[in-house]
Every structure is written in structure tokens, then in C-alpha cells.
Amino acid sequence: MVAQGSGKSLTSHSTYKCDVNDYEIRRPAVADAATVHELVAEHDIEVTGRPDWTLDDIADTLKELDLDHDSWLVRSDGRLLGWGYARRNGASENVDIDVQAREPGAAALLWDMALGRAADLAREAGHDHAVVDISLYEQDKAMREAAERRGFAPATSFHRMRADHSGVRPVFLPGVGVEAGAPGREAVLRTAHRVHQEGFAEHFGFVPKTFEEWTAEMESSSANDWGQLLLAHVHGEPAAMLLGTDHFVSDENCGYVRTLAVRPGFRGHGLGKLLLSRAFAADERRGRVGTILHVDSNNVTPALGLYESVGMRPVLVIDVWRAVVRR
């Protein structure tokens, strides 16, 4: 696919008028989080029946983006009609985009700008093409049709899984010790990072990150809590890690497993189940009614079966659609 993006290069918070539909386009600021959240929540309710993104999720995303170059707001007559962004994954050719709009004209404009910027981001990193991903709810027919018209096709699906807690009992295994993370425990964080990088090396969309890049990404989120990091050792050898966060506390009073990784040589021995049981028990002690996570249904490991075996059930499906974009 060759995207004919607008390639607009706006300065921060500048505006201009679109000839046909008289749209005002400007860069967002973190202060726009509440207005953007209202737009996104409206779409979530229409498609899934309830808001999915929280205000904190939107604020965190705005803080993570390069707002001077990679995101746009579309307005008309003072009303926000759309929000979009493009975000490169490290120095790779992989770029995530999102388009949220209240009407087709604003959506088309944002698609053009996001795809054009995706190609530019890849080129800036030394690549001749961008591998562009957009995450869409399984039941979002309009967005799936819009993606298909632009050359996207389904690449994988993530299931949101949930376990509800009532008297969770932690699992123990002979020879396995578990230690917790903390902001000052750099040795534990560095070991967990190594386990994560090795455990996810073959997974969909994985891009290697240095320890500094990884910790910066985690700490950019207001939901991050290094105290919810668990690192499992088998006879003293680092083998598996789990990182929990507060992403679903404010809206569902649930814990969230952001990452669960087991090194290839230690798979199939119950380490995933052990760490999940410890995370579930910790969430229950914190007064949380359940725990949520996302799993790639095309995972190279049988992760979906693992989560079902510990009592988790699917509650939402998010599909990733992918296209190759060139300038």
C-alpha cells in the first residue's frame, strides 16, 4: 500500500482551515485530555456499550506522544470532531496509529495524516517503509471497513481476560523463589527486563528495548507500580517475571497484568500459573475484585489455555489490523 498522506508539519498548537470542510486542525496538549476522553468514551459506548479508556489513559497517552509532530485534533465550530496520532515503536519500522472521530470527513483527514506521519517516522529511523498497526474492537464494523479500504488486514487478536477473586490461594513449586520489585531495587528491575526481553523475543510486534527505554516506558504511565513486579527464580536462575499495574483500578476495581514472560527454557513447568496466582492473591489483598490481562490469541506459547486454566474468561476482543505504508 502506498499512502498519500498530507505530510502536514504543524508547529505546536497551530491551526489552519481545510479548504473543503472548513476544519480547524491543531496539535493537542495534555490539557486537552478531558475533551479527548469525552470523544473516545462516546465511541467506546457506541461500540462496546461502556467507556473503555479512562481519563488517566488519555492523559498518559498524550504525555507519551511527541505532541509537536505526531498527533492532531480536528474541530469545527468549536466542537472536537476527531483525534489521531502515530507513534513509532523504538527505532523500528513498526508504527501504531489511532483515529477517533465523530464524523466521516474528520476521520478521513486523520487517517491521511496518521498514515503520512507513519511513513515519515519510519523513514526518519532509516526504513523504506512503515509497518502500521491499528487496534480495533472486534465489533467496530465502521472502523474495520475504513481500515480495509486503506489496505489494512487483520494480523492478530488480543483477548481481554478477567478473573474474579474469592479466596485466592497462591501456588508454590519446589525450588522456585519469588521476589518483588520496588523503585529502588535496580538489580531486580534489570533482571526482570532481561527475562522480559528473552521471553517476548518471538511475540507479535516485539521490538527490543534497552533497560533505560523499558523503564522509561513503564514509568511514563501513571498506573505503573514497581511494587507489583514479581520475579521468579528456579534454583537461583531467573526464569519468569510478571508486572502488574493499576490500569483498571479506577474504572473496574481490578488489577492488571501488563506483562507475563517466561524464558523459553523454563516453559511448561507451571511458572506462569504460579506468578498469576501470586498476582491474583496480591490484588485480592488490595481489595480488588478481580484481575485483567490481554493475551495474543496467536501467541507462540499456549497462553490462552494457561489463563483459562486459572479461571480467567474472555470479556473483550481487540483485533490488530496491519498495513505496509511507503512514501
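Since the model is a prediction, treat every value here as computed from it, not as a measurement.

**Some points on the pattern of salt bridges**
Enumeration according to the criterion identifies 24 salt bridges in this entry. The partner of arginine 160 in a salt bridge is aspartate 52, and the shortest N-O contact between them spans 2.8 Å. Of this pair, arginine 160 sits in strand β7 (residues 153-164) while aspartate 52 sits in the loop between α1 (33-48) and α2 (55-64), and the two are 108 residues apart along the sequence. As far as the burial class goes, arginine 160 and aspartate 52 line up, both buried. As a salt-bridge pair, arginine 162 and glutamate 252 come within 2.9 Å of each other at their nearest N and O atoms. Of this pair, arginine 162 sits in strand β7 while glutamate 252 sits in helix α7 (residues 249-252); the two residues are 90 residues apart in sequence, bridging distant segments of the chain. Assigned by exposure class, arginine 162 and glutamate 252 land together as buried. When salt bridges that share partners are traced, they join Arg50, Arg162, Asp164, Glu252 and Arg313 into one network.

**Side note on the environment of arginine 150**
Mapped onto the fold, arginine 150 is located in the loop between α4 (141-149) and β7. Judged by relative accessible area, arginine 150 falls into the buried class, the value being 17%. In this structure, the C-alpha to C-alpha distance between arginine 150 and tryptophan 111, residues 39 residues apart in sequence, is 8.8 Å.

**What to know about the confidence of the model for the chain**
Across the chain, the average pLDDT comes to 92, with 93% of residues at 70 or higher. Counted against residues more than four places away or in other chains, residues 1-20, with its pLDDT under 50, gives 45 contacts.

**What to know about the packing of aromatic side chains**
Tallied over the entire structure, the rule returns five aromatic pairs. Taking the centre distance of 6.2 Å and the plane angle of 90 degrees together, the rings of tryptophan 53 and tryptophan 83 count as edge-to-face. Of the two residues, tryptophan 53 is situated in the loop between α1 and α2 and tryptophan 83 in strand β4 (residues 79-88); the sequence distance between them amounts to 30 residues. For tryptophan 83, a relative accessible area of 1% translates into the label buried. Arranged with centres 5.4 Å apart and planes meeting at 50 degrees, the rings of tryptophan 83 and tyrosine 85 form a pair that is tilted. Across from the ring centre of phenylalanine 172, 4.4 Å away, lies the NZ or CZ of arginine 278, which sits over that ring.

**Some details on the pairing of strand β3 (residues 71-76)**
Burial runs high along β3: five of the six residues are buried. Both strand β2 (residues 24-26) and β3 contribute to a ladder of three bridges, which runs antiparallel. Looking across to β3, one finds that isoleucine 25 is bridged to valine 74. Here six bridges tie β3 to β4, and the two strands are oriented antiparallel to one another. Considered in β4, the bridge of valine 74 is made with glycine 82. Remark: two residues form the turn of the hairpin made by β3 and β4, two consecutive strands paired antiparallel; aspartate 77 in that turn has positive phi of roughly 50 degrees.

Quick notes on the rules
Residues numbered from 1 in each chain as written. Predicted model: local features only at pLDDT ≥ 70, side-chain atom pairs only at ≥ 80, totals over all residues. Heavy atoms only, no water. Salt bridge = Lys/Arg side-chain N within 4 Å of Asp/Glu carboxyl O. Helix = DSSP H or I, 4+ residues; strand = E, 2+ residues; numbered from the N terminus. Buried < 20%, exposed > 50% of the residue type's maximum accessible area, 1.4 Å probe, protein only. pLDDT = per-residue confidence, 0-100. Contact = heavy atoms within 4.5 Å. Phe/Tyr/Trp six-rings, centres within 6.5 Å; stacked < 30°, edge-to-face > 60°. Lys NZ or Arg CZ within 6 Å of the ring centre and 35° of its normal. Pairing = 2+ DSSP bridges.

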